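# Fold and geometry: a report
What follows is each chain in one-letter form.
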Amino acid sequence: MGFASFLGRRAVHSVFVLLGLSILIFIIARIMPGDPARMAVGARAPQWVVDNLREQMHLNDPLYVQYVYWLRDAMRGDFGISLVTRRPVADDIREFFPATLELALFAGIINGAGGIILGAVSAWQKDKWVDNVVRIVSYLGVVTPSFVFAILFLLLFGMALDWMPTMGRLSADISKPPLITGLLTVDSLLAGDFRAFFDALWHLILPGVALALGGMSQEARITRSTMSDNLTKDYIAAERSLGIPGSVIMRSFLLKPSLIPTVSILGLDFAATLGNAFLVELIFVWPGLSRYGINAMLRKDLNAISAVILVLGVVFIITNIAVDIVVARLDPRIQLGAGRSE
Amino acid sequence: MVSAKVLGSAQRSENLRRSWYKFSRNRLSLIGLFTVSLVVFLAVFAPVVAPYPQHASAFVDFENASRPPCRTYPFGTDVVGRDIMSRIFFGFRFSLMMGVVVLSLVVPPGVILGLVAGYYQGTWVDTVIMRTTDIFLAVPPLVLALAIASVLTPNLFNAMLAVSLMWWPWYCRLVYGLASTLRHEFFVASAETIGASRFHILFREILPNCISPIFTKMSLDMGWVILIGSSLSFVGLGVQPPRPGLGTMVADGSKYLPDQWWIAVFPALAIVLVVLGFNLLGDGLRDMLGAEEV
């Protein structure tokens, strides 16, 4: 089996998962007691309006027919009108998604880079004080919920020390860069506006680090354990006895094989990041998709809830494919077609 | 036969002693055991050990509202004058209840589906069960739990239901991995040859060999379920005020930052303590039972 067919199988599998996810979302949206049409028009609207809307929303058809209509609309990007913002849900998503993406990517970078560096240092200095500090800190990082980190950071750096901004993506006195990607840091760089860039970055740090710490600790622990396992292998001893300097061994022979489990778990960590973003965005008043999603959930805005879950599912699936590709690049056994058992 | 039985029990107590030795050699595992025991003790005996048990629900004492930590109120009081420490002890009850109920709802179906899928590996049964777990695992767990909890009426029971619905695939996957390896072992083949029933093979031959990893995962998961539960409560989809859910208390207190920091910070640290305790205990059990798979 070559790399291409590995990717092909992965893509087909993803389509099935997405289809299943859409059914799951549809079911969740229909467990809710109450009439969606009545909720859309409000309690005071006359009955004939509700009846018309029921007909329009295909609510009088059998469930599987409703699902087909829903799926058809969803594939066109039509998720209906949000009950909260009174706009098409698709417009809301387009507006709020980039903020969440920027935050999650920023957290992902800290998570991956920080975790790998800490884990590598810890393994290299095994049982020395650096290792012990990293181990204790990463243990605490894993067991602390990200909303607790968010609140502690907000309190300490945002309020008590007053170093960092506590809400939003940009200071009030800085004008937004022209909209290109929706990621403020990228857009401001493209526009050559460095003041906006640093301001946007400054706003990203507290929520981004609060989101990243849990995953970063996880990555550090996994990198440490794989790397210290690999350090005891014969080939490393052979390289040492040949007089190859430690830094070269680390860079050329140790890092790559030790990263496979770390990268594999990055996909799951990214899922956790997207989930935790729901709480962290709430705390830092971050105008993103998660905050939009949580408000939709608290007000039972079904169209918006379904769309948010579907979008996050798609992001998660894309991330996992990307992770698989990186793992395949790191692990020659997969490229050579030995395959890894699922 | 009597001597055989005596030998068996002596063997068992010897095994127990060795396991305990293995477990207790790691100081962190002992800290975990101690923390968990402490939390369980405080939760069970909250009405006796809490300094102000009546503060656990709706209670107002404006005289003592928003007191910073002091000798009478070690963790301070909230904006209506309730003792934070007492409320945390009662909050442990909801956290533990969340963990126990969710795991007891999740483990049996997850384990059975995993066993069946693993034993029938490569058939359509395997495909249907494992692809279904893929779908549940295709959304960030917290998002799915939030979504399910939000379409139901927000309360503790529905939060438990929501977390359970997204948690079973993990047990299914764990047991699937174990069962699909074990089914090729000789003892399974011999049981098949002498005509043992499928039920016997699944539950008497394969399952007993999966117990250590399942057990280890359960003790680690107590921490994670409590963490997710507190996240749901934080958003307002779990324990409802005036009941003292730890997440609910953090959310409530975060409105009064930074001046009355103790209202949010102590319940937040209490969550960290519980999750840390179960994790240390779980890691200790993993080392003791040699359950590397978890």
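Preceding block: the structure.
Structure report, in brief. (Residues numbered from 1 in each chain as written. Chains lettered and ligands numbered in written order. Predicted model: local features only at pLDDT ≥ 70, side-chain atom pairs only at ≥ 80, totals over all residues. Heavy atoms only, no water.)

## Regarding the overall build of chain A
The helix and strand tally for chain A stands at 15 helices and 0 strands. Relative to its 342 residues, chain A shows a buried fraction of 48%. Pairs at least 24 residues apart make up 69% of the contacts formed inside chain A by residues separated by at least 6 positions. Counting every atom, chain A has about 16,600 Å² of accessible surface; 66% of that belongs to carbon and sulfur. Seen as two clouds, the 29 positive and the 27 negative side-chain charges of chain A have centres 3 Å apart. (Helix = DSSP H or I, 4+ residues; strand = E, 2+ residues; numbered from the N terminus. Buried < 20%, exposed > 50% of the residue type's maximum accessible area, 1.4 Å probe, protein only. Contact = heavy atoms within 4.5 Å. Areas by Shrake-Rupley, 256 points an atom, 1.4 Å probe, with all protein chains shown as cover. Lys, Arg positive; Asp, Glu negative; His and termini not counted. Charge placed at Lys NZ, Arg CZ, Asp CG, Glu CD.)

## What about the layout of surface pockets?
Residues and elements named next belong to chain A. Within this model, the second largest pocket holds a volume of roughly 680 Å³. Elements with a minimum of two residues in the lining of the second largest pocket: helix H1 (3-31), helix H2 (36-41), helix H3 (47-56), helix H4 (63-75) and helix H14 (302-330). The element that contributes the greatest number of residues to the lining of the second largest pocket is H4, accounting for 5 residues. (1 Å grid on protein atoms, 1.4 Å probe; cavity = no way out; pocket = protein on both sides within 12 Å on 5 of 7 lines; lining within 4 Å. Points joined across faces, edges and corners; volume = space filled by probe spheres on them.)

## Some points on the environment of Val-49 of chain B
Residues and elements named next belong to chain B. As for its placement among the helices and strands, Val-49 is situated in helix H3 (residues 46-49). C-alpha separation for the pair Val-49 and Ser-86, spaced 37 residues apart in sequence, amounts to 8.4 Å. Apart from the residues within four sequence positions on either side, Val-49 is in contact with Phe-41, Leu-42 and Phe-89.

## Considerations on the interface of chain B and chain A
With 40 residues of chain B at the interface, the matching set in chain A holds 43 residues. Here chain B packs against chain A, burying approximately 3,600 Å² in sum over the two surfaces, 83% of which is carbon and sulfur. Looking at the side of chain B facing chain A, the largest losses of area belong to Ile-135, Val-151 and Phe-234 of chain B, adding up to 16% of the total buried there. With a shortest N-O distance of 3.9 Å, Asp-283 of chain B and Arg-221 of chain A are connected by a salt bridge. Our count for the chain B to chain A interface comes out at 8 residue pairs in polar contact (both at pLDDT 80 or more). Breaking the side of chain B that touches chain A down by element, the ones donating at least two residues are helix H5 (124-136), helix H6 (141-151), helix H10 (211-235) and helix H12 (262-289) of chain B. (Buried area = accessible area lost by both parts, 1.4 Å probe. Salt bridge = Lys/Arg side-chain N within 4 Å of Asp/Glu carboxyl O. Polar contact = N/O pair within 3.5 Å; in protein donor to acceptor, adjacent residues only side chain to side chain.)

## Details of the side chain of Ser-146 of chain A
Residue and element names in this part refer to chain A. Positionally, Ser-146 belongs in helix H7 (residues 146-160). Of note is the side chain of Ser-146, whose polar atom sits 3.5 Å from the side chain of Asn-276. Not counting the four nearest positions on each side in its chain, Ser-146 is found in contact with Ala-210, Asn-276 and Val-280.

## Points about the packing of helix H4 (residues 84-119) of chain B against helix H7 (residues 156-182) of chain B
Residues and elements named next belong to chain B. Where H4 meets H7, the closest approach of the two axes is 6 Å, and the angle between their N-to-C directions is 35°. The hand of the H4/H7 crossing is right-handed. Among the residues making up the contact of H4 with H7, the classes are represented as 25 nonpolar, 5 polar and no charged. (Axes fitted to C-alpha atoms, helices over the stretch in contact; angles between N-to-C directions. Left-handed = near helix turned anticlockwise from the far one by under 90°. Nonpolar A, V, L, I, M, F, W, Y, C, P; charged D, E, K, R; others polar.)

## Structural notes on the packing of aromatic side chains
Tallied over the full model, the rule gives 18 aromatic pairs over all chains. Site record: aromatic cluster; members linked through ring pairs are Phe-149, Phe-153, Phe-157 and Trp-163 of chain A. Just above the ring of Tyr-119 of chain B sits the side chain of Arg-183 of chain B; from NZ or CZ to the centre is 4.7 Å. We note Lys-217 of chain B situated over the ring of Tyr-171 of chain B; from NZ or CZ to the ring centre the distance is 5.4 Å. (Phe/Tyr/Trp six-rings, centres within 6.5 Å; stacked < 30°, edge-to-face > 60°. Lys NZ or Arg CZ within 6 Å of the ring centre and 35° of its normal.)

## Examining empty space enclosed by the protein
All names here are of chain B. Enumeration according to the criterion identifies 1 cavity of 30 Å³ or more in this entry. A volume near 80 Å³ is recorded for the largest cavity. In terms of lining, the largest cavity is formed by Phe-94, Ser-95, Met-98, Leu-156, Ile-226, Gly-229, Ser-230, Ser-233, Val-239, Gly-245, Leu-246 and Gly-247. Listing elements by their share of the lining of the largest cavity, those giving two or more residues are H4, H10 and helix H11 (246-253). Counting residues per element, the lining of the largest cavity draws most heavily on H10, which supplies 4 residues.

## Here's the deal with the nonpolar core
Across soluble globular proteins, nonpolar side chains show a tendency to be buried alongside one another. Grouped together as the largest cluster of nonpolar side chains are 156 residues, with contacts concentrated most on Phe-92, Leu-146, Val-163, Ile-206, Ile-214 and Phe-234 of chain B. For this core, the leading source of residues is H4 of chain B, giving 17 residues. For Phe-234 of chain B, the contacting residues outside a window of four places in its chain are Phe-147, Ile-151, Leu-279 and Ile-283 of chain A together with Gly-247, Thr-248, Val-250 and Ala-251 of chain B. Formed by 8 residues, the second largest nonpolar core is a distinct cluster that contains Ala-120, Met-227, Leu-231 and Ile-249 of chain A. (Core = buried A, V, L, I, M, F, W, Y, C linked by side-chain atoms within 4.5 Å.)

## Concerning the packing of helix H2 (residues 27-44) of chain B against H12 of chain B
All names here are of chain B. At a closest axis distance of 7 Å, the pairing of H2 and H12 adopts a crossing angle of 135°. One finds that H2 runs oblique with respect to H12. The crossing of H2 and H12 is left-handed. Each of Leu-28, Ser-29, Ile-31, Gly-32, Leu-33, Thr-35, Val-36 and Val-39 in H2 lies in contact with H12, whose residues at this interface are Leu-273, Val-274, Gly-277, Phe-278, Leu-280, Leu-281 and Gly-284. (Parallel < 35°, antiparallel > 145°, perpendicular 65-115°, else oblique.)

## Some remarks on a nonpolar patch on the surface
A grouping of Val-40, Phe-41, Val-44, Phe-45, Val-48 and Val-49 of chain B is seen on the molecular surface, where their side chains present a nonpolar patch of about 510 Å² in accessible area. Elements with a contribution of two residues or more to the nonpolar patch: H2 and H3 of chain B. (Patch = residues over 30% accessible without salt bridge, like charges linked within 9 Å, V, L, I, M, F, W, Y side chains within 5 Å.)

## A word on the environment of Pro-165 of chain A
Residues and elements named next belong to chain A. Of note, Pro-165 is situated in the loop between H7 and helix H8 (184-190). With 119 residues separating them in the primary sequence, Pro-165 and Phe-284 have C-alpha atoms 9.0 Å apart. Residue contacts for Pro-165: discarding those within four places in its chain leaves Trp-202, His-203 and Leu-206.

## Examining unusual backbone geometry
At the junction of Pro-241 of chain B and Pro-242 of chain B, the peptide bond is cis and its omega measures out at 10° in the coordinates. Checked against the element boundaries, Pro-242 of chain B lands in the loop between H10 and H11. Residues Leu-257 of chain B and Pro-258 of chain B are joined by a peptide bond in cis, for which omega reads -5°. Following the sequence through the fold, Pro-258 of chain B ends up in the loop between H11 and H12. Non-glycine residue Asp-162 of chain A carries a positive phi angle of around 60°. Take Asp-162 of chain A: it is sitting in the loop between H7 and H8.

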